[in-house]
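A look at the structure
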Amino acid sequence: MPTNSILARTRRRWLALGLGLVLAIFSDGRAGVNAADTELLPPPETLSAEPLVTPPSALPAADKIPGEQDAEAPELVIKPEPVIHPWFYYKAWAGSFDLGVNGSEGNSQTFNLRTGLNAKREVPWSITTLRFDYVNNSANSLQTADRAFFDGRYEWLFEASPWSLYIHETTEYDEFRAFNVRVTADAGVGYQFWKNDLSSMKARIGPGASREFGGTDESWTPELVFGLYFDRQISKLQKINFSVDYFPQIDDFMSYRLNSQVNWEVVLDQVNNLSMKIGVVDRYDSTPQGKKPNDVDYRTVLVWNF
């Protein structure tokens, strides 16, 4: 065999062997890298489908603190201003009308009439109260009582203060007393001890004067006035009130007048604003001029509130 042919065959064998080794080494290296990479990757079931970019709606607002709950904006409530009617308009007043009647016919004839009107107008700067009472009694065609009483008061209020100023006037007619008509006038200061939905208490003090017409002395008499008023809402259907007024003469405190009353009122019909009132009124005069010093009235009347 020629030497050249042997060398050429040998050379081809070594070239094939070397190429095989190179391919084997290259194949083992690629396999190792792929296996390592596979071991480092997490299992397929643990991979999430979350987007790589966070949507804008999920980003926290720039002016909010993370973790802080959104507070609801408070609702704006606008209260309407109260309607204030002029004093001559009927809706400007609240009050009640009282009526009591009883009598008998037969061996004796009696007739007793009692009526009254109470009105009050209250605005933020003042309170006006008016009261009128009338009593007429007869027995066997003879009149036993004929009496009328008017009371008017105007009070100036101060905002956020328990103090107030007032003027007050009364006119009293009584056919069976030592005078026909008595007129009083006074002015002064008032103090509200408390006032809430259940009760209130107020006191007044000031100077005044009184004059009697149709009696033995018709001159003006200077007086002082001390007054106290209390009311209490016992329940939804019941309330009581009490008042007392003391009028001593400035130059003689032993000569005085004392007026007091207490009333209990019970609601009978809420739809028609009807109530029943039971009360006692006592009027004392230390200078009766030959008459009895005390006049006491007991009354039970039907009340219509408006």
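First, a word on what this report is: a plain description of the structure on this page.

Cut-offs and rules
Residues numbered from 1 in each chain as written. Predicted model: local features only at pLDDT ≥ 70, side-chain atom pairs only at ≥ 80, totals over all residues. Heavy atoms only, no water. Helix = DSSP H or I, 4+ residues; strand = E, 2+ residues; numbered from the N terminus. Buried < 20%, exposed > 50% of the residue type's maximum accessible area, 1.4 Å probe, protein only. Polar contact = N/O pair within 3.5 Å; in protein donor to acceptor, adjacent residues only side chain to side chain. Contact = heavy atoms within 4.5 Å. Pairing = 2+ DSSP bridges. Axes fitted to C-alpha atoms, helices over the stretch in contact; angles between N-to-C directions. 1 Å grid on protein atoms, 1.4 Å probe; cavity = no way out; pocket = protein on both sides within 12 Å on 5 of 7 lines; lining within 4 Å. Points joined across faces, edges and corners; volume = space filled by probe spheres on them. Nonpolar A, V, L, I, M, F, W, Y, C, P; charged D, E, K, R; others polar. Phe/Tyr/Trp six-rings, centres within 6.5 Å; stacked < 30°, edge-to-face > 60°. Lys NZ or Arg CZ within 6 Å of the ring centre and 35° of its normal.

**A short note on the side chain of Thr170**
The residue Thr170 is located in strand β5 (residues 163-174) in this model. Given a relative accessible area of 9%, Thr170 falls into the buried group. Within polar-contact distance, the side chain of Thr170 engages the side chain of Thr184 at 2.2 Å. In this view, Thr170 contacts Phe149, Phe150, Asp151, Arg182, Val183 and Thr184; residues no more than four positions away in its chain are not counted.

**A look at the sheet that holds strand β9 (residues 238-249)**
Ordered in space as β1-β2-β3-β4-β5-β6-β7-β8-β9-β10-β11-β12, the 12 strands form a closed barrel in which the pairing is antiparallel. Each neighbouring strand pair of the sheet contributes to a mean axis angle of 20°, computed without reference to strand direction. Across 12 bridges, the pairing between strand β7 (residues 199-213) and strand β8 (residues 221-233) is antiparallel. Across the sheet, residue Ser200 finds its bridge partner in β8, namely Asp231.

**Some points on the layout of surface pockets**
Quantified by volume, the second largest pocket comes out at close to 430 Å³. Lining the second largest pocket are 25 residues, with Val135, Asn137, Ala145, Arg147 and Asp297 positioned closest to its centre. Counting only elements with at least two residues in the lining of the second largest pocket, the list comes to β1 (94-104), β2 (110-123), β3 (126-139), β4 (142-157) and β12 (294-305). Considering each element in turn, the lining of the second largest pocket owes the most residues, eight residues, to β12. The residue inventory of the lining of the second largest pocket, partitioned by class, reads eight nonpolar, seven polar and 10 charged.

**Looking at the packing of aromatic side chains**
The tally for this structure, following the rule as stated, stands at eight aromatic pairs. Ring centres of Trp304 and Phe306 lie 5.8 Å apart, and the angle between their planes is 40°; this geometry places the pair in the tilted category. The structure contains a cluster of three or more aromatic residues connected by ring pairs, namely Phe226, Tyr246, Tyr256 and Tyr284. Arg257 extends its terminal NZ or CZ atom over the ring of Phe247, reaching a point 4.3 Å from the ring centre.

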